[in-house]
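Take a look at the letters that make up each chain.
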Amino acid sequence: MKLSDNKATLSFSNGKPAVELPVYEGSVGPDVIDIRKLYGQTGMFTYDPGFLSTASCQSAITYIDGDKGELLYRGYPIEQLAVNTDYLETCYLLLNGELPNAAQKADFDQRVTRHTMVNEQMQFFLRGFRRDAHPMAILTGLVGGMSAFYHDSTDINNPEHRNIAAIRLIAKMPTLVAMAYKYGIGAPYMYPQNDLSYAGNFLRMMFGNPCEEYVVNPVLERAMDRIFTLHADHEQNASTSTVRLCGSSGTNPFAAIAAGVACLWGPAHGGANEACLNMLEHIQANGGIEKVGEFMEQVKDKNSGVKLMGFGHRVYKNYDPRAKLMQETCNEVLAELGLENDPLFALAKKLEKIALEDDYFVQRKLYPNVDFYSGIVQRAIGIPVNLFTGIFALARTVGWIAQLNEMISDPEYKIGRPRQLFVGNTPRDVKPIAER
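Computed from a predicted structure; not experimentally measured.

### What about the pattern of salt bridges?
Okay, so step 1: In the structure shown here, the tally under the stated rule is 18 salt bridges.
Okay, so step 2: For R226, the salt bridge identified is with E328, shortest N-O distance 3.5 Å. One end of the pair, R226, is in helix α9 (residues 218-230); the other, E328, is in helix α14 (residues 321-336), with 102 residues separating them in the sequence.
Okay, so step 3: Taking the relative accessible area as the measure of exposure, R226 reaches 13% and is therefore buried.
Okay, so step 4: We classify E328 as partly exposed; its relative accessible area is 33%.
Okay, so step 5: Members of the salt-bridge network, linked through shared partners, are D34, R36 and E412.

Structure, rendered in structure tokens:
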């Protein structure tokens, strides 16, 4: 961190002496006020529910400028990475700080490919779940359970252990997600195939069967790879912060990533594209494309309780930079599969058109976000809605690992311990039960 020439001064209206606080500068984005010694100097904490104005760490991995609609992985714009690299190149970048050359890429790709198999006992672990269990419930258990199989890579303070765990998690997540899907529909598991790409292998494990050869559609393969790349990391969000907080206790990498999976399951976080598809299906069931205009009018009415899912973003106050890329992919996939006129997808395009042209939505910058388009793409490919968040977790795993490794390598890292403003009862005496 670079110490700024400026300092912040905290003054009090009750006559207490003012306190000077150091200011640190980032390479880009807002500066930060260092409040680590605030309690010792003043006896007070800061109050910031949701950590909306608090930098919990210093990081060199991902940068977001929500006002500009900018997303950078290690300094590279997401628009360039999505077009000029594949997902595993992006994984290498997030983990190592630089894009790989040809030899490094070949070595990294091979290491990941050679670790895609999971222990056969995972199949017995799966049998403990109901067939109708939510895939995220299964995935949380499977990822956490990996620590029971890979004892040689559970020391979070050992760089080599972290490196091995990183490769294993990136490699095995597609296998685990596909197994969760196959288990739910009662279909046989498909083992990974080493001559396929990362995305192609995932599609085969999802939709192939042992009775016939599965031919990977290159358009769908590119679409899945792009979905993975666009979701690989997103700075200090809820699940990433969960992984960091969990990992700060020294727990093993598999347990920390399982905590991230559990957090991502929440509908306010990773469940956004699932919520978007559920909204589209609700409109379809209640009149379809003919009722889109009526639905959008209800959205405008604050008293209706109707919410527009997949539009706008908490971070991006302008256009989500990932959305345009996903829009292109969405159009390619629908054209490839001949689904442009499918009622549900036609409804989605009508919804998109209204949101991009209606002044109400334009003025509020409620543009379609990446969840809107990625949900449509996944549904078109044949991925069930309840597995959307599992795909998100698969893609985000590398970001979680990179963030976890960065935290452990930081000499200033400490176990997370948020403070509180206590508003409960003051000390009181316990009365005998007869007197209560």
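### What about the nonpolar core?
Okay, so step 1: Counting 115 residues, the largest nonpolar core has M224, F228 and L351 as its most contacted members.
Okay, so step 2: Sorting elements by how many residues they give to this core places helix α7 (residues 159-185) first, with 14 residues.
Okay, so step 3: Counting only domains with at least three residues in this core, you end up with domain 2 (75-270 + 400-409) and domain 3 (271-381).
Okay, so step 4: For F228, the contacting residues outside a window of four places in its chain are Y87, Y198, A199, F202, I391, L394 and A395.

### Observations concerning the UniProt feature "active site" (unreviewed entry) in the protein chain
Okay, so step 1: Mapped onto this numbering, the UniProt entry gives "active site" (unreviewed entry) at H313 and D371. Taking the farthest pair of C-alpha atoms as the criterion, the annotated set spanning 59 residues converges on one region, since that pair is 9.7 Å apart.
Okay, so step 2: Polar side-chain contacts of H313 include one of 2.9 Å to the backbone nitrogen of V315.
Okay, so step 3: As for its position among the elements, D371 is in helix α17 (residues 370-381).

Parameters at a glance
- Residues numbered from 1 in each chain as written.
- Predicted model: local features only at pLDDT ≥ 70, side-chain atom pairs only at ≥ 80, totals over all residues.
- Heavy atoms only, no water.
- Salt bridge = Lys/Arg side-chain N within 4 Å of Asp/Glu carboxyl O.
- Helix = DSSP H or I, 4+ residues; strand = E, 2+ residues; numbered from the N terminus.
- Buried < 20%, exposed > 50% of the residue type's maximum accessible area, 1.4 Å probe, protein only.
- Core = buried A, V, L, I, M, F, W, Y, C linked by side-chain atoms within 4.5 Å.
- Domains from an automatic or database assignment.
- Contact = heavy atoms within 4.5 Å.
- UniProt positions renumbered as here; feature names shortened; annotations may be inferred.
- Polar contact = N/O pair within 3.5 Å; in protein donor to acceptor, adjacent residues only side chain to side chain.

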